[in-house]
Amino acid sequence: MRVEEGFQLTAYSEGHPYTDDLVLPNLLQRLIPHRHLLEINADLVRFGQEIKDEVASLTPLVHEPKLTQYDQWGRRIDRLDTSEGWRRFKDIAIREGLVAIPHERQYGEYSRIYGFAKVLIFVADSHGIMCPMSMTDGAARVLELFGTEEMKRDIRSRLISRDPSIAFTSGQWMTERPGGSDVSQTETVAKPVKEGSGSPTKVGSPYYLNGFKWFSSATDSQISVALARTGPLSEGSRSLSLFLVPLRLPLLPTISPSSISNGIFVHRLKDKFGTHALPTAELSLNNTAAYLLSPLNQGVRTIAPVLNITRIHSAVSLVGGLSRALAIARSYAKVRSITSRAANSTSPVQQLLMHTPLHVALLAKVGVTYQALAHLAFGTVALLGRSECGVADSDEETRLRLLTPVVKAFVSERGVSAMEDCMTCLGGQGYMEENSIGRLIRDATVDRIWEGTINVLALDLMRAASSKHGIKPFAKWAGHIISSLPVDLAKEFGLGKSIDSLHSSLETINGGFSPSGASSPFIPRPLLFLFAHVAAALYLLEHVVWAAAPSRRNQYHAWRADLEVFKRWVEEGLDSARVEVERVIALENPVGRAQVDLDIVYGPGLKQAKL
C-alpha cells in the first residue's frame, strides 16, 4: 500500500495564541483597568496574529550556534555565529518591546503585566530568545537603580531600545566552577585600573577582571553584568562587587562584530539538553575591562533585581510553553477519532477524543494546572509592576520577596509535568519533533535549574520568611481574599470545604515557619510547595470573587468554570501538600532520617557528616 492510500490522518489547526487562550484574556480583564486594556488588548491581538502567520514559520531557520576559535593562520578569533532564525527572533523581541514596555511605563504599574502578556504568547515560538531578553530586562533595571549617568545614557538606553539596529542585549555572569549557585566561592578577581592606564569607554570606575565563568547564556550579547571579588576570599559573598562588562571592544558608538574581544576567550559552547539555539559558553576572562556598577563589596545585593526579574521571566515563560502545549492537545482532540462503544450498545462507533470523557478529564486536569500557574505568575508580576513604579506598600514588597522564589520553583515543577501530559494526549504523534511539544519540554526543563534549583529557592524562601515582617503580610492578604468571598456564593456552590482547607493550610504554613518547624532540614521544599499551592488558590479565589459578581455574570460567562477550577485546585491537591508538611514537622528524629536517606542512596556504612 502506498502512503497516499488507506486511512489519512487529519492535521490539527493552530489557534491564535491570545484570543484562543481560555485564561490570559480573562485574567488581563481583571488585572488591567479598562482605560488601558483596550489598547493593550488590540496590540496582543495584532501580535498574536503575527506570531501565528509569520513567527512560527521561522523555526526552519533555527539551528545551533557555531564557535570558530582560530582562523586558518592559527590566530585566536573566537567568532560566534548564530542562526538566522535566532537573529530574527531577537529582532522581533526588540521591536515588539518585550524589554522596553516595562521600562517605558506608558501604562504605569500595569506595564509589567502588559509586557509579560506579550512574552507569554511569544515564548513558545521563540526558541529560547527570552533568556537573553530576561537578563537584558534585569540589567536595565540594575542600571536604572545603580548605574552612573554615563551608563544610563549610553548603555541602558540601548538595552531598552525598540530599534534592532542599535539595541543591546545583556548577559549575567554569576556561576563559577567552585560553587554553582553558591557565589561565595567566586574565583574571578577584580583589580582597579591604575590611573593613567586608559580605559576603552569611560562609563564608570574601570577595573580588570581575571577569572573563569562557567555558564554564560548570552554570549552573543554586547554587555554582561558580572560578579567579581574585590576583597579577600575569606569574606565569601561579602567581598563581591558587581561590574558592567563589554564583550567586544569598542563598545560604543556602534554595535561590534560577532568576534569576541576585551580579553574574553570562549573555552567552549555548552552541549545542552535543551535551548539549543541559545549560545551558552564557558568564558575565560583575562584582564577584561569592566566598570564598577555596585557599591564596593555589595555586588550580591545589587544584582538581586536581575535575579528577581529573571526568575519571574522563567515562570511566565514556562506558563507560555504550557499554554502552547495545552492548545496543541486541545486542537488534536478536535480532529482525532477513536473507536468506542456507546453505552448499552455493542456496535463500535467513531468518536472524537474531545467527546471521550476519560481523555477530556486529563485535559481538564492540565487546564486547572495551567490556570492556577498563570494566576500565580501574573499575581507576582502585578506586585513587581507596583514595586518598580513606587506604588507598592511595605506588605506588598514583602509578598513580592516571598513569592519570587516560590513562583519560579513551583511553576517549573508543575508546568513541566503538565507539558508531559499534553504530549501523551497526542499519543505517538506527541513524541514527534514536528509538533514542538518535545522542544517545549526540553527548553522548559532548564527553568528547574537556572537561577536556582527548587531546593535552592526553597532555602531562599526560608530566608525571606525569617526577615523582619516574616509571613505576616502574606497571612494578612490571605485573610482579606478569603473574607471577600460572599457568604451566599460560598453556600450556593458548596465552597465551605475548600475554604476550610485553605484555613488549615495557612495554619500549617505558620507552623512550618515557626522556630520549631523551620529547624527541620527537610521542611524547606515541602513548605515551598504548600506555600505556592495556597498562593495560587488565593489568586484563583480572588478571580472567582471578581468574575461571579452579580454585575458581571451576564457579560463574563466563564465564571462557573473559574469557580470549579478553584474548587478542584484546592480539593484535589492542597490537602496532600499540607499533610506532607505536617508529616515533616512531626518527625521525631530528623538526624536518624537523614542517616537512613544516606543508606538508601549510597548503601550502609557511610556516616552523616557533621555540619
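So, how was this worked out
Residues numbered from 1 in each chain as written. Predicted model: local features only at pLDDT ≥ 70, side-chain atom pairs only at ≥ 80, totals over all residues. Heavy atoms only, no water. Helix = DSSP H or I, 4+ residues; strand = E, 2+ residues; numbered from the N terminus. Rg over C-alpha atoms; globule rule 2.2 N^0.38 Å. Buried < 20%, exposed > 50% of the residue type's maximum accessible area, 1.4 Å probe, protein only. Contact = heavy atoms within 4.5 Å. Areas by Shrake-Rupley, 256 points an atom, 1.4 Å probe, with all protein chains shown as cover. Lys, Arg positive; Asp, Glu negative; His and termini not counted. Charge placed at Lys NZ, Arg CZ, Asp CG, Glu CD. Axes fitted to C-alpha atoms, helices over the stretch in contact; angles between N-to-C directions. Parallel < 35°, antiparallel > 145°, perpendicular 65-115°, else oblique. Left-handed = near helix turned anticlockwise from the far one by under 90°. Nonpolar A, V, L, I, M, F, W, Y, C, P; charged D, E, K, R; others polar. 1 Å grid on protein atoms, 1.4 Å probe; cavity = no way out; pocket = protein on both sides within 12 Å on 5 of 7 lines; lining within 4 Å. Points joined across faces, edges and corners; volume = space filled by probe spheres on them. Salt bridge = Lys/Arg side-chain N within 4 Å of Asp/Glu carboxyl O. Core = buried A, V, L, I, M, F, W, Y, C linked by side-chain atoms within 4.5 Å. Polar contact = N/O pair within 3.5 Å; in protein donor to acceptor, adjacent residues only side chain to side chain. Pairing = 2+ DSSP bridges. Disulfide = S-S within 2.5 Å. Expected span 1.5 Å × (residues − 1). Arc of directions from axis to C-beta.

Engineer: Hey, could you go over the overall build of the chain for me, with residue numbers and the actual values?
Structural biologist: Secondary structure assignment for the chain yields 19 helices and eleven strands. Computed over its C-alpha atoms, the radius of gyration of the chain comes to 26 Å, within 12% of the 25 Å expected for a compact globule of 611 residues. The C-alpha extent of the chain, read off along each of the three principal axes, is 90 × 70 × 60 Å. A total of 611 residues make up the chain; the buried ones form 56% of that total. A fraction of 74% describes how many contacts in the chain between residues 6 or more apart in sequence connect residues 24 or more apart. Surface accessibility of the chain: about 27,000 Å² in total, with carbon and sulfur atoms responsible for 54%. The centroid of the 66 positive side-chain charges in the chain is displaced by 3 Å from the centroid of its 63 negative side-chain charges.

Engineer: Before we move on, can you summarise the packing of helix 6 (residues 130-146) against helix 7 (residues 149-159) with the specific residues and values?
Structural biologist: The relative placement of two packed helices is expressed as an angle between their axes plus a distance between the axes. With their axes 9 Å apart at the nearest point, helix 6 and helix 7 run at an angle of 155° to one another. As summarised for this structure, helix 6 and helix 7 are arranged roughly antiparallel, according to the angle between their axes. In the packing of helix 6 onto helix 7, the handedness of the crossing is left-handed. Two secondary-structure elements touch here, helix 6 through Thr-136, Ala-139, Ala-140, Leu-143 and Glu-144 and helix 7 through Met-151, Lys-152, Ile-155, Arg-156 and Leu-159. For the contact of helix 6 with helix 7, the class distribution of residues is six nonpolar, one polar and three charged.

Engineer: So what's going on with empty space enclosed by the protein? Which residues, and what values?
Structural biologist: One pass over the structure, following the stated rule, counts two cavities of 30 Å³ or more. In this structure, the largest cavity encloses a volume near 40 Å³. Lining the largest cavity, in full, are Ile-94, Gly-97, Val-99, Ala-100, Met-133, Thr-136, Leu-159, Ser-161, Phe-168 and Thr-169. Its residues placed into classes, the lining of the largest cavity shows six nonpolar, four polar and no charged.

Engineer: Explain unusual backbone geometry residue by residue, including any values.
Structural biologist: Most peptide bonds take the trans configuration, and most residues that are not glycine carry a negative phi. For the bond running from Leu-249 to Pro-250, omega is -5°, close enough to zero to count as cis. The topology assignment puts Pro-250 in the loop between strand 7 (240-246) and strand 8 (264-269). Notably, Asn-262 is not glycine yet its phi reads approximately 60°, a positive angle. Taking relative accessible area as the criterion, Asn-262 reaches 7% and is therefore assigned buried. Positive phi, close to 65°, is recorded for Asn-297, a residue that is not glycine. In this fold, Asn-297 is placed in the loop between strand 9 (281-292) and helix 8 (299-335). By relative accessible area, which is 29% here, Asn-297 ends up partly exposed.

Engineer: Mind laying out the pattern of salt bridges, listing which residues take part and the relevant values?
Structural biologist: Under the criterion given, the structure shown has 40 salt bridges. A salt bridge links Asp-71 to Arg-75; the shortest N-O distance between them is 2.8 Å. For Glu-149, the salt bridge is made with Lys-152, and the minimal N-O distance between the two is 3.9 Å. Placement of both Glu-149 and Lys-152 in helix 7 is noted, with a separation of three residues, approximately one turn of the helix. By relative accessible area, Glu-149 is classed as exposed at 57%. Residue Lys-152 is classed as partly exposed on the basis of its relative accessible area, which comes to 29%. Beyond isolated ion pairs, a larger network of salt bridges with shared partners links Asp-43, Arg-46, Glu-50, Arg-95, Glu-96 and Lys-118.

Engineer: Provide a residue-level description of the nonpolar core, including the pertinent values.
Structural biologist: Grouped burial of nonpolar side chains is what soluble globular proteins tend to show. Formed by 171 residues in total, the largest nonpolar core has its most connected members in Phe-122, Phe-378, Leu-502, Phe-531 and Phe-566. In terms of residue count, helix 17 (residues 524-547) provides more of this core than any other element does, 18 residues in total. Not counting residues within four places of it along the chain, the set of residues in contact with Phe-531 comprises Leu-402, Leu-403, Val-406, Leu-461, Ile-471, Phe-474, Ile-509 and Phe-513. Core analysis: the second largest hydrophobic core is formed by 19 residues, Leu-80, Trp-173, Phe-243 and Leu-285 among them.

Engineer: Outline the packing of helix 10 (residues 394-424) against helix 13 (residues 472-483), listing residues and values.
Structural biologist: Interhelical geometry of helix 10 versus helix 13 gives an angle of 105° and a closest axis separation of 8 Å. Classified by the angle their axes make, helix 10 and helix 13 are roughly perpendicular. Of the residues in helix 13, those in contact with Asp-395, Thr-398, Arg-399 and Leu-402 of helix 10 are Pro-473, Phe-474, Lys-476 and Trp-477. Partitioning the contact of helix 10 with helix 13 into residue classes produces four nonpolar, one polar and three charged.

Engineer: Quick rundown of the environment of Ser-184? Include the residues and the values.
Structural biologist: Secondary-structure assignment places Ser-184 in the loop between strand 3 (170-173) and strand 4 (189-192). Under the relative-accessibility criterion, Ser-184 is labelled partly exposed at 23%. Between the C-alpha atom of Ser-184 and that of Ser-237, which follows or precedes it by 53 residues, the distance is 4.1 Å. With residues near it in sequence (within four places) discarded, Ser-184 still touches Arg-229, Leu-233, Gly-236 and Ser-237. Here the side chain of Ser-184 touches Asp-182 through a polar contact of 2.6 Å, side chain to side chain.

Engineer: Got a sec to walk through the pairing of strand 2 (residues 76-81)? Specific residues and values, please.
Structural biologist: Sheet topology places strand 1 (residues 66-70) next to strand 2; four bridges connect them, and they run antiparallel. Paired with Lys-66 across the strands is Asp-81, a residue of strand 2. In textbook terms, the turn of a hairpin is the stretch between consecutive antiparallel strands, and for strand 1 and strand 2 this stretch comprises five residues, one of which, Gly-74, has a positive phi near 85°.

Engineer: Describe the state of the cysteines, with residues and values.
Structural biologist: In the structure shown here, the tally under the stated rule is zero disulfides. The closest cysteine sulfur to the non-disulfide-bonded Cys-425 is located on Cys-422, 6.0 Å from its own sulfur. The exposure class assigned to Cys-425 is buried, which follows from its relative accessible area of 4%.

Engineer: Describe the side chain of Glu-451, naming the residues involved and giving the relevant values.
Structural biologist: The topology assignment puts Glu-451 in the loop between helix 11 (437-445) and helix 12 (454-465). Arg-311 provides the closest opposite charge to the buried, salt-bridge-free Glu-451, at an N-O distance of 5.3 Å. Here Glu-451 is in contact with Gln-172, Leu-307, Thr-310, Arg-311, Lys-408 and Leu-457, once residues within four sequence places are set aside.

Engineer: Summarise helix 13; cite the residues concerned and give the values.
Structural biologist: When the terminal C-alpha atoms of helix 13 are compared, their 16 Å separation across twelve residues agrees well with the 16 Å that a helix rising 1.5 Å per residue should span. Residues of helix 13 that are buried: Pro-473, Phe-474, Trp-477, Ala-478, Ile-481 and Ile-482. Axial view of helix 13: buried residues confined to an arc of 170°, hence all on one face. Those residues of helix 13 that are exposed and aimed more than 90 degrees away from the buried face are Lys-472, Lys-476, His-480 and Ser-483. On its buried face, helix 13 is in contact with helix 10, helix 15 (496-513) and helix 17.

Engineer: Explain helix 12 residue by residue, including any values.
Structural biologist: Since the α-helix advances by 3.6 residues per turn, residues separated by three or four positions end up pointing in the same direction. For helix 12, spanning twelve residues, the distance from its first C-alpha to its last is 16 Å, which sits close to the expected 16 Å at 1.5 Å a residue. Turning to helix 12, its buried residues number three or more, namely Ile-454, Leu-457, Ala-458, Asp-460, Leu-461, Met-462, Ala-464 and Ala-465. Contacts from the buried residues of helix 12 go to helix 8, helix 10, helix 15, helix 16 (515-518) and helix 17.

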